[in-house]
Structure formats: structure tokens, C-alpha cells
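The residues making up each chain are set out below.
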Amino acid sequence: MTEIPDDHPRAASLRTRHRIEDGVEKGITSKQGLIAEGRGEAFDYLLGERTLPSADDAERAAAAQLLLADHAVLSVNGNVAALVPGEMVELAEATGADVEVNLFNRTDERMDAIADHLRDHGADEVKGLAADARIPGLDHERAKVDADGIGDADVVLVPLEDGDRAAALAEMGKTEIVVDLNPMSRSPRAAAIPVIDNVVRAIPRMTEHARDLAGASDDELERIVAEFDAEEALAAAERAIRTGGDE
């Protein structure tokens, strides 16, 4: 990676771009992932490349929901694997969640490459390779899940997810946490907890909240989740995009 000085005004964005480029070179990220990253970066620019107070509230609610889960699973696609592999593993450890690879452009080579990449970043077990269950209502490769992973999960974190799969998971009765930079996208609108933030900020913040809440009672965790207003979180992010203000 070309060294980027810390005082460069676009330093964080440029580093993120390089991680996606490296992901493509390693066979982790698809070329389509480059386009998706560019689209997300445009929304992050409009958000001021910062975590809004409303997004931090969502990240705290997400951490509480993961801690409450009977079986939580963190879904990983190519962009997530390139951008936050170690951070996803840390979140899984902080919440007791499983990690499962799920890809639209699925090949055995990419699945193995991402699973190995996650193991290199500390994952003990990576699900998704068995693909012995399906999400009803989807007819592409992302319908494939592990029966003892997403298939069995009651809570699923799906960062950078497409709307059709987010809707299909919700139809299955899963409690979904979606990380997306576009508050108008179908994916966060299908989620119980939409997190409108850059995944490189959102996942570490969820982990921080999970660690802070590790000793909380179920009653306290349930209160945090119940007090979170998904519609207001989406509206706050949209207002921030339209006005450039904090929400």
C-alpha cells in the first residue's frame, strides 16, 4: 500500500480504497465490490465521514441485541472481509457470535480465501462452507447458508447487504442488524436495527459497546434495544445528509 500521510484530508478514505484494492488482488473481494465501495464512500462524504450520535445509539442497541441473542451470527462478504476482518472477529468474541461467509459471486476459491483470511485474523471457526441450508425466496448463491449458522440464528448482523437478502432474512423471522451508509436503501429499512455508518467505524464501536455492556443484566439490555427507534435513526441520518448537520 502507498503510504498515506495522516494529515492528508482524505487519508481514511484512501486507506479504505486501498484495502478494497488489496482484497481484489487477494481474491477476497469481487470487482463489483469496488463499485459498491465507491457508492458507499459518496454517502459517507455526505455524512461528513463521521459517526452520527444516532448511529452510535444504533451501535449500542446492536451490541445489546447481539448479547441477548440465543445464537447470533455475523455475516461476512468480500468487502467486509477486506475492510474489517480482525474487527469482525473481535466483535464475535465480545458477543459470543459465530462468523459466516456469504457471497453473491460465490466460488469455492473465494469462499476458501475469505475463510483463510478470517482465520489469519484470529477466527477459530468460520461457517458458510457447508452451505447445507437455503434462505427461502432467493434463487442466487447468497441463498446458501449453513444450517447450524445463519440457518439457525435468531440474530444476524449483515453489513453491506443487498436489499433482497435483507428482506428474505427478515421474512424468516431473523432479527437483523444492517450496517449501510445509505439510509434510503432497502437493506437498513428491512432491519430491526439499521446502523447508518461506515463499517470501518461501526464494527469497532459495536465491540466497544459490547464490552461495556458485558456485565449488564438482560433487563438492561432489553431496555436498550426497546428504546432504540429504527425509524428515527433512519430519519436522522437522512436529515444529516440533506443538511450537513449532526443528528
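One structure accompanies this document, and this report is about it. Being a predicted model, the structure only gives us computed values, none of them experimental.

## Observations regarding the sheet that holds strand β7 (residues 193–196)
Item 1. Ordered by their spatial adjacency, five strands build an open sheet running β2-β1-β5-β6-β7, and the pairing between neighbours is parallel. A strand with exactly one partner marks an edge of an open sheet, and here the two such strands are β2 (98–101) and β7. Neighbour-to-neighbour, the strand axes of the sheet open up by a mean angle of 20°, direction not taken into account.
Item 2. Here strand β5 (residues 155–159) pairs with strand β6 (residues 175–180) via five bridges, running parallel. The residue bridging P159 from the neighbouring strand is V179, located in β6.
Item 3. The strands touched by helix α5 (residues 85–95) within the sheet are β1 (72–76), β2 and β5, with β1 carrying the most contacts at an inclination of about 175°.

## Structural notes on the environment of D162
Item 1. Of note, D162 is situated in the loop between β5 and α7 (163–171).
Item 2. A relative accessible area of 36% means that D162 is categorised as partly exposed.
Item 3. The spatial distance from the C-alpha of D162 to the C-alpha of V178 is 9.9 Å, given a sequence separation of 16 residues.
Item 4. Setting aside its immediate chain neighbours within four residues, D162 contacts R142 and S187.

## Re the pattern of salt bridges
Item 1. Under the criterion given, the structure shown has 16 salt bridges.
Item 2. With a shortest N-O distance of 3.2 Å, D148 and K127 are connected by a salt bridge. Of the two residues, D148 sits in the loop between β4 (144–145) and β5 while K127 sits in the loop between α6 (108–120) and β3 (133–134), which places them 21 residues apart along the sequence.
Item 3. With a relative accessible area of 7%, K127 lands in the buried category.
Item 4. Here R223 and E227 are joined by a salt bridge, their closest N and O atoms 2.7 Å apart. Separated by four residues within a single helix, R223 and E227 lie in helix α10 (residues 218–227), roughly one turn from each other.
Item 5. On the basis of relative accessibility, which here comes to 54%, the residue E227 falls in the exposed class.
Item 6. What you see here is one network of salt bridges that share partners, running through R142, E161, D162, D164 and R165.

## Remarks on unusual backbone geometry
Item 1. Positive phi outside glycine occurs at E49, with the angle close to 50°.
Item 2. Position of E49 relative to the elements: it lies in the loop between α2 (31–46) and α3 (53–68).
Item 3. Residue E49 is classed as partly exposed on the basis of its relative accessible area, which comes to 29%.
Item 4. The backbone phi angle of L160 is positive, close to 55°, even though this residue is not glycine.
Item 5. Structurally, L160 can be placed in the loop between β5 and α7.

## Observations concerning the pairing of β6
Item 1. Taking burial as the measure, the six residues of β6 include five buried ones, the bulk of the element.
Item 2. Tracing the backbone out of β5, into α7 and back to the parallel element β6 gives a crossover that is right-handed.

## Digging into α5
Item 1. Of the positions making up α5, those classed as buried are P85, G86, M88, V89, L91, A92 and T95.
Item 2. Immediately beyond the C-terminal end of α5, within one or two residues, lies G96, with a positive phi of roughly 75°.

## Observations regarding the side chain of K174
Item 1. Inspection of the secondary structure assignment puts K174 in the loop between α7 and β6.
Item 2. Buried within the structure, K174 lacks any salt-bridge partner; D152 is the closest side chain of opposite charge, at an N-O distance of 6.7 Å.
Item 3. Reaching out from K174, the side chain makes a polar contact with the backbone oxygen of G151 at a distance of 3.0 Å.
Item 4. Apart from residues no more than four positions distant in its own chain, K174 is found in contact with I150, G151, D152, A153, D154, V156 and L169.

Rules used throughout
- Residues numbered from 1 in each chain as written.
- Predicted model: local features only at pLDDT ≥ 70, side-chain atom pairs only at ≥ 80, totals over all residues.
- Heavy atoms only, no water.
- Pairing = 2+ DSSP bridges.
- Helix = DSSP H or I, 4+ residues; strand = E, 2+ residues; numbered from the N terminus.
- Axes fitted to C-alpha atoms, helices over the stretch in contact; angles between N-to-C directions.
- Contact = heavy atoms within 4.5 Å.
- Buried < 20%, exposed > 50% of the residue type's maximum accessible area, 1.4 Å probe, protein only.
- Salt bridge = Lys/Arg side-chain N within 4 Å of Asp/Glu carboxyl O.
- Right-handed = clockwise from strand over helix to strand, strands pointing away.
- Lys, Arg positive; Asp, Glu negative; His and termini not counted.
- Polar contact = N/O pair within 3.5 Å; in protein donor to acceptor, adjacent residues only side chain to side chain.

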